Amino acid sequence: MQNKINDLLKKVGEFSPATMAEIEDFRIKILGKKGELTALFEEFKTLSGEQKKELGKSINELKNKALNKINELKEMLDKGSDDACGEIDMSRPATESAIGTRHPISLVKNEIVGIFSRLGFTTAEGPEVEDDWHVFSALNFPPEHPARDMQDTFFIERNPDILLRTHTSSIQVRVMQNSRPPIRVVCPGRVFRNEAISYRAHCIFHQVEGLYIDEKVSFTDLKQTILYFAKEMFGEETAIRMRPSYFPFTEPSAEVDVSCNLCGGKGCNVCKGTGWLEIMGCGMVDPNVLEACGIDSKKYSGFAFGMGVERIAMLKYGVKDLRLYFENDIRFLKQFEAIY
Ligand code: PHE
């Protein structure tokens, strides 16, 4: 009998199944009603008291080993521990991998670019580290002119001619240098200004600027283009108004306001009771700028505009603190569904 016990012990030890079905077969063969171990127990009953004493311990050990082994193997297969049993269950659902969402600034930038592309504007990009000429001089900022203070510039210490662009107008300069009218282009990009960070200002932000140059381009064209943009961006009922302003590179220049889409123009805390929200600067390109870039200002005229993407995004999504766009808090970012 001891031999039989030893044989079975060996069998249990060597058993290495690949499927649940094999384990079940094994269980029936050993522990089932007609199983080998069950038969051994029957035989055990017939033994004398002395023999029982001798073999009782080993037969019980065998039973426990068999039970434990079967349970362990079942558990392993259940958990999908493929290495143990050498089989991959192709029907198991895969572990889901999280998909990110587009940053709200990218969403709004893409939407702005999309609106102008429907009017025939192409897109151009340019370097963030620029020279003085592309950011200021070509745009009619004379040296030492106080207008340069309007845009607090980060200079590269060793060479003050090299700086971080303060607006994407520098891209428009490059486009004018490298192509001939008609020009219809929008220039999205990151810009830098040495400003204290607060809920409404940051030293890094994003702009989309636009330029349209052809024969006989007028202020009416500018106004109509901006009105179309405002209605597409903020809704069909949106109105615009223009207030005289000053930029060295445009003459005349204007600031554009849209009717507040939160209160419908009645006045609320976002529009500070005025019913209007400022969204961009614009104007007719100064002939000096056209000439500096090699375009005949007698033959051609044009308009330009520039807006801050964060500002448009704040108005569109009702976000009151601009810093949220830079903190990359996943709880904030997750709220913006990809529309583009
Ligand atoms: N470049 C200006 C700015 O950054 C915006 C602007 C662009 C104004 C084009 C008028 C025309 O503030």
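Structure's up top.
Summary of the structure given here.

Thresholds, definitions, all that
Residues numbered from 1 in each chain as written. Predicted model: local features only at pLDDT ≥ 70, side-chain atom pairs only at ≥ 80, totals over all residues. Heavy atoms only, no water. Salt bridge = Lys/Arg side-chain N within 4 Å of Asp/Glu carboxyl O. Helix = DSSP H or I, 4+ residues; strand = E, 2+ residues; numbered from the N terminus. Buried < 20%, exposed > 50% of the residue type's maximum accessible area, 1.4 Å probe, protein only. Near = heavy atom within 4 Å. Polar contact = N/O pair within 3.5 Å; in protein donor to acceptor, adjacent residues only side chain to side chain. Areas by Shrake-Rupley, 256 points an atom, 1.4 Å probe, with all protein chains shown as cover. 1 Å grid on protein atoms, 1.4 Å probe; cavity = no way out; pocket = protein on both sides within 12 Å on 5 of 7 lines; lining within 4 Å. Sits in = over half its atoms within 2 Å of the grid points. Nonpolar A, V, L, I, M, F, W, Y, C, P; charged D, E, K, R; others polar. Pairing = 2+ DSSP bridges. Expected span 1.5 Å × (residues − 1). Bend = angle between axes of the 7 residues up to and from the residue. Points joined across faces, edges and corners; volume = space filled by probe spheres on them. Contact = heavy atoms within 4.5 Å. Arc of directions from axis to C-beta.

This structure, assessed with the given rule, holds 15 salt bridges. Note that Lys-316 is salt-bridged to Glu-111, the shortest N-O span being 3.4 Å. With a gap of 205 residues between them, Lys-316 in helix H11 (residues 309-317) and Glu-111 in helix H6 (residues 104-117) connect regions that are remote in the sequence. The class for Lys-316 is partly exposed, based on a relative accessible area of 27%. Residue classification places Glu-111 among the buried residues on the basis of a relative accessible area of 9%. The shortest N-O distance in the salt bridge between Arg-243 and Glu-278 comes to 3.4 Å. Of this pair, Arg-243 sits in strand S7 (residues 240-247) while Glu-278 sits in strand S9 (residues 276-285), and the two are 35 residues apart along the sequence. The structure contains a network of salt bridges with shared partners spanning Arg-241, Arg-243, Asp-257 and Glu-278.

Moving on, we come to the site of the ligand. The environment of the ligand is made up of 14 residues, and the closest members are His-167, Ser-169, Arg-193, Gln-207 and Glu-209. In this structure, a nitrogen atom belonging to the ligand sits 3.2 Å away from a side-chain N or O atom of Ser-169. A distance of 2.9 Å separates an oxygen atom of the ligand from a polar atom in the side chain of Arg-193. Protein chains shield 92% of the accessible area of the ligand, which is 320 Å² for the free molecule. When each cavity is represented as a set of grid points, the ligand is found to reside in the largest pocket. No other element matches strand S10 (residues 301-308), which puts three residues into the shell around the ligand. For the shell around the ligand, the residue count by class is five nonpolar, seven polar and two charged.

With that settled, the discussion passes to the sheet that holds strand S2 (residues 129-131). Taken in spatial order, the three strands line up as S2-S4-S3 in an open sheet, and their pairing is antiparallel. The outermost strands of the open sheet, each flanked by one partner alone, are S2 and strand S3 (155-156). The pairing of S3 with strand S4 (residues 159-164) spans two bridges and is antiparallel. When the sheet's bridge partners are listed, Ile-156 is paired in S4 with Asn-159.

On to helix H4 (residues 49-78), then. End to end, H4 covers 43 Å across 30 residues, agreeing with the expected 44 Å (1.5 Å per residue, within 8%). The largest bend along H4 reaches roughly 45° and is located at Leu-55. Listed in full, the buried residues belonging to H4 are Leu-55, Gly-56, Ser-58, Ile-59, Leu-62, Ala-66, Lys-69, Ile-70, Leu-73 and Leu-77.

This part covers empty space enclosed by the protein. Here the idea is plain: a probe the size of a water molecule rolls over the atoms and shows the empty space left. Considering all chains together, one arrives at one cavity of 30 Å³ or more under this definition. By volume, the largest cavity is sized at about 70 Å³. For the largest cavity, the full set of lining residues is Leu-139, Ser-169, Gln-172, Met-176, Leu-211, Phe-249, Thr-250, Val-285, Val-289 and Ala-304. Here the lining of the largest cavity takes three residues from helix H8 (residues 169-178), the largest share from any one element. Considering only residue class, the lining of the largest cavity consists of seven nonpolar, three polar and no charged.

A few words now on the side chain of His-202. Mapped onto the secondary structure, His-202 falls in the loop between strand S5 (183-192) and strand S6 (204-214). Of the polar contacts made by the side chain of His-202, one reaches the backbone nitrogen of Ile-204; its length is 3.3 Å. In contact with His-202, not counting residues within four places along its chain, are Arg-193, Glu-195, Ile-197, Leu-322, Arg-323 and Phe-326.

Another point: helix H1 (residues 2-14). In this model H1 runs 18 Å from its N-terminal to its C-terminal C-alpha over 13 residues, within 8% of the 18 Å that 1.5 Å per residue would give. Considered for burial, the residues of H1 that qualify are Ile-5, Leu-8 and Val-12. Along the axis of H1, the buried residues cluster in a sector spanning 65°; they form a single face. Residues of H1 that are exposed and point more than 90 degrees away from the buried face comprise Asn-3, Asp-7, Lys-10, Gly-13 and Glu-14. The inward-facing, buried residues of H1 abut helix H2 (20-31), helix H3 (36-45) and H4.

Before going further, it helps to examine unusual backbone geometry. Following Pro-181, the chain continues to Pro-182 via a peptide bond in cis, the omega torsion being 0°. Along the chain, Pro-182 turns up in the loop between H8 and S5. Residue Pro-252 is reached from Glu-251 by a cis peptide bond, and omega for that bond is -5°. Mapped onto the elements, Pro-252 comes out in strand S8 (residues 250-259). The backbone phi angle of Asn-328 is positive, close to 55°, even though this residue is not glycine. The residue Asn-328 is located in the loop between helix H12 (324-327) and helix H13 (330-333) in this model. Here Asn-328 falls in the partly exposed class, since its relative accessible area comes to 49%.

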